[in-house]
Amino acid sequence: MLPFQGRALLIGYLLLACAVAIVALPFLWILLTSFKHEIAIYSGALIFPPTLQNYDDVMLGPRSNFPHNVRNSLIVASVSTSIVLVVGTLAAYSLSRLVWARWIARGFLGWTLLFHMIPVLTIVGPWYLLFQRIGLYDSLTGLILTHITINLPMTVWLMMTFFRDLPPELEDAASVDGASQAQTFVRVILPLAIPGLIASGVLAFVFSWNEFSIALNLTSRSASTVPVGIAQFVQQFEIQNGQMAAAAIISTIPALLLMLFGQRFVVQGLTMGTVK
Amino acid sequence: MQRGLTSDSIAVRPAAEAQVRRKIHPDEWFRNATLIPAVVLLVVLTLYPAINLLMMSLSSITFSHGEQHWTFTGLDNIRHLLTDWLFVVTLRNTLIFVVVSVVVELVLGFGLALIVSGVPRAKGVIRTLMILPILVPPVAIGSMWKLMYNYDFGVFNQLLDLFGLDPVGWLSETRYALASVIAVDIWHWTPFIFLILFAGVEGLPREVMEAARVDGASIWQTVRNVVIPLMTPALTIAFLFRSIFAFKVFDEIFLLTSGGPGTSTEVVSLHLFKVFFEQNDLGYGALLSIVIILAIAAFLVTARGLAWRVS
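Residues numbered from 1 in each chain as written. Chains lettered and ligands numbered in written order. Predicted model: local features only at pLDDT ≥ 70, side-chain atom pairs only at ≥ 80, totals over all residues. Heavy atoms only, no water.

Undergrad: Would you explain the pairing of strand 2 (residues 67-72) of chain B in this entry?
TA: On a regular strand, each side chain points to the face opposite its neighbour's, so the side chains alternate between the two faces of the sheet. Residue and element names in this part refer to chain B. Looking at chain direction, strand 1 (residues 59-64) and strand 2 are connected through six bridges and run antiparallel. From the neighbouring strand, phenylalanine 63 faces strand 2, where its bridge partner is glutamine 68. Hairpin geometry of strand 1 and strand 2 is characterised by an intervening segment of two residues between the two adjacent antiparallel strands and by a positive phi of about 50° at histidine 65. (Pairing = 2+ DSSP bridges. Helix = DSSP H or I, 4+ residues; strand = E, 2+ residues; numbered from the N terminus.)

This is the structure:
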């Protein structure tokens, strides 16, 4: 919108080119690294014989736990996303369209806001004690429960902004036609909220897939997820740089897919909460 | 009498109608069914642990044969807190980390948003690319930068070598480590600030910008006198949001330095992690958690007032 012209426009494009390079080059560098033998990594060669050895070791190696991590991450992210969408959407509809005492609505939103803002590690300690006692430590069920909890605030707020934009006449008309409240919600409101459901869903999935600090402390070998697997490459006595790069590249696949196919929803979801 | 009745009904009806329109008539069963699952989840997995923190902070908890043993120790943990110099260092590091990275992110993100909105082409491509760092696992970003900062073969030391300079221990030297970690955060989150502010800049009223152009205002004058005043609420909110989230930073630093060398990059979340899960001091960890939660609650209340005043 600023009236860039002549030299200003040229400088603008130059600066943009720099920005693009700064954002993109680290990804390209790590992509190159993932195709290098350990020797080529150490020599820092730009031209090298490419190899799939690192990917092979990470995904198919007999001692690699990474395929198991990928499986766990896929289960945890998809199950927790499905559940948080149901629970969060219902709560959002309830709080934005149904009559609740002020203290309940305020208390709910205030508490979720505070919970969303505190470092999650403050609450992982009590979760650890609780899960140890009831046998959910190092279980996918336990991890799913925590991921539902951390994604609930975001889902509720996003869906609330979507519901608020719908005209109240919809519900009036449905009730005149004899629909119950539940029917109105399922048949009239929900179909209109599909863009919101997709936006919240993709973000919840990605945040669950990316989540590290809970998975690190509440799982051991059997339920550990992709981020925990990547971190283990760093902590090993002899760091396998090539494998670490390959694992990092594999872990970015959901983000890449979303960038290419779900951009509209991601931008909507990310900007909505802060702009409105 | 007749007159009074009409004026009464005129006065009452719109208000009553508005009430009905805004919130539909409650069906108790449906109303409860919609909110109760979320409330149960929050009570069991956030409220109960928060209350548990209070009890933990007054205790010392040990494990033997998988059993938890709680011993009531009263104010011991508070005494520990008063002499915990490491926590002070941690707070100082976190404060530097938050202020420097968020301020730089705001300046760069805002500048980028202005430039992208001003050029006629490439908006779509840039917005697409900027989404990537936000969505990629922070752990992957940590490991990427760990490789790039590597002393022996990292890209930065290769560049230094190209200019005939000596290699630098980006993550292993105390004087560089915090700055290196801040640089990663800036790389990671400037795109997020850009996305938010770009939406704001694109939403600025067209007539105002047009008027500035017609009046012959230079780009710099337009930005200073028109855009910045109009964007102040968005800038404030972006600043507050990012500050709170930068305060929580854990994943990248865990991978890059684990708080080292020494205590030079030890931040709040990392300190909590170490107390809870490396020193296994769950009682003291709980006390630290309570202090942090209260501090953030206080910050939120203050920030709400600030955001209110700005907008």
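Still to come is the rest of the account.
Undergrad: Looking at this structure, I do not really get the pattern of salt bridges. What am I missing?
TA: Residues and elements named next belong to chain B. Tallying each qualifying case throughout the model produces nine salt bridges over all chains. Arginine 79 serves as the salt-bridge partner of aspartate 76, at 3.0 Å between the closest nitrogen and oxygen. One end of the pair, aspartate 76, and the other, arginine 79, are both in helix 3 (residues 76-82), three residues apart, so they sit about a helical turn from each other. Under the relative-accessibility criterion, arginine 79 is labelled exposed at 54%. With a closest N to O distance of 3.2 Å, glutamate 173 and arginine 175 form a salt bridge. For glutamate 173, a relative accessible area of 25% corresponds to the partly exposed category. For arginine 175, a relative accessible area of 65% puts it in the exposed group. Each of the salt bridges in this network shares a partner with another, and the network as a whole consists of Glu105, Asp185 and Arg242. (Salt bridge = Lys/Arg side-chain N within 4 Å of Asp/Glu carboxyl O. Buried < 20%, exposed > 50% of the residue type's maximum accessible area, 1.4 Å probe, protein only.)

Undergrad: So what exactly am I meant to see when it comes to the side chain of threonine 146 of chain A here?
TA: With respect to the helices and strands, threonine 146 of chain A occurs in helix 7 (residues 140-165). Owing to a relative accessible area of 0%, threonine 146 of chain A belongs among the buried residues under this scheme.

Undergrad: Sorry, what's going on with the environment of phenylalanine 66 of chain A here?
TA: Residue and element names in this part refer to chain A. Here phenylalanine 66 shows up in helix 4 (residues 66-97). Along the backbone, phenylalanine 66 and threonine 225 are 159 residues apart, and their C-alpha atoms lie at a distance of 8.4 Å. The residues touching phenylalanine 66, leaving out its near neighbours within four places in the chain, are Val58, Met59, Val226, Ile230, Phe233, Ala247 and Ile250. (Contact = heavy atoms within 4.5 Å.)

Undergrad: How should I be thinking about the confidence of the model for chain B in this particular structure?
TA: Residue and element names in this part refer to chain B. Summing up the model confidence of chain B, the mean pLDDT is 87 and the portion of residues at 70 or higher is 91%. Confidence drops under pLDDT 50 across residues 1-22; counting only partners more than four residues distant or on other chains, this segment forms five contacts. Prediction confidence for the complex, expressed as pTM and ipTM, is 0.89 and 0.90 respectively. (pLDDT = per-residue confidence, 0-100.)

Undergrad: Looking at this structure, I do not really get helix 8 (residues 174-202) of chain B. What am I missing?
TA: Every α-helical turn comprises 3.6 residues, leaving residues that sit three or four positions apart pointing alike. Residues and elements named next belong to chain B. Under the 1.5 Å per step criterion, the end-to-end length of helix 8 is 42 Å for 29 residues, consistent within 8% with the ideal 42 Å. In the structure, helix 8 departs most strongly from a straight axis at tryptophan 189, where the bend amounts to approximately 35° and where the proline proline 191 lies between one and four residues downstream. Most of helix 8 sits out of view: 21 of its 29 residues are buried. (Expected span 1.5 Å × (residues − 1). Bend = angle between axes of the 7 residues up to and from the residue.)

Undergrad: Looking at this structure, how should I read unusual backbone geometry?
TA: Most of the time, phi is negative for any residue but glycine, and the peptide bond is trans. Residue proline 261 of chain B is reached from glycine 260 of chain B by a cis peptide bond, and omega for that bond is -10°. Summarising the element assignment, proline 261 of chain B is placed in the loop between helix 11 (251-256) and helix 12 (268-278). Positive phi, close to 55°, is recorded for aspartate 138 of chain A, a residue that is not glycine. The topology assignment puts aspartate 138 of chain A in the loop between helix 6 (121-134) and helix 7. For asparagine 280 of chain B, which is not a glycine, the phi torsion comes out positive at approximately 55°. Among the secondary structure elements, asparagine 280 of chain B is positioned in the loop between helix 12 and helix 13 (282-310). By relative accessible area, asparagine 280 of chain B is classed as partly exposed at 45%.

Undergrad: Please clarify how the packing of aromatic side chains should be interpreted in this entry.
TA: Pairs of aromatic rings are described using the distance from one ring centre to the other and the angle between the two planes. The full count for this structure, using the stated rule, is 29 aromatic pairs over all chains. A connected cluster of aromatic rings, assembled from ring pairs, spans Tyr128, Tyr137 and Phe212 of chain A together with Phe63, Phe250, Phe254, Phe273, Phe276 and Phe277 of chain B. The ring of phenylalanine 265 of chain A has arginine 264 of chain A sitting right over it, with the charged end atom 4.6 Å from the ring centre. Across the ring face of tryptophan 100 of chain A, the terminal group of arginine 31 of chain B is positioned such that the distance to the ring centre comes to 4.0 Å. (Phe/Tyr/Trp six-rings, centres within 6.5 Å; stacked < 30°, edge-to-face > 60°. Lys NZ or Arg CZ within 6 Å of the ring centre and 35° of its normal.)

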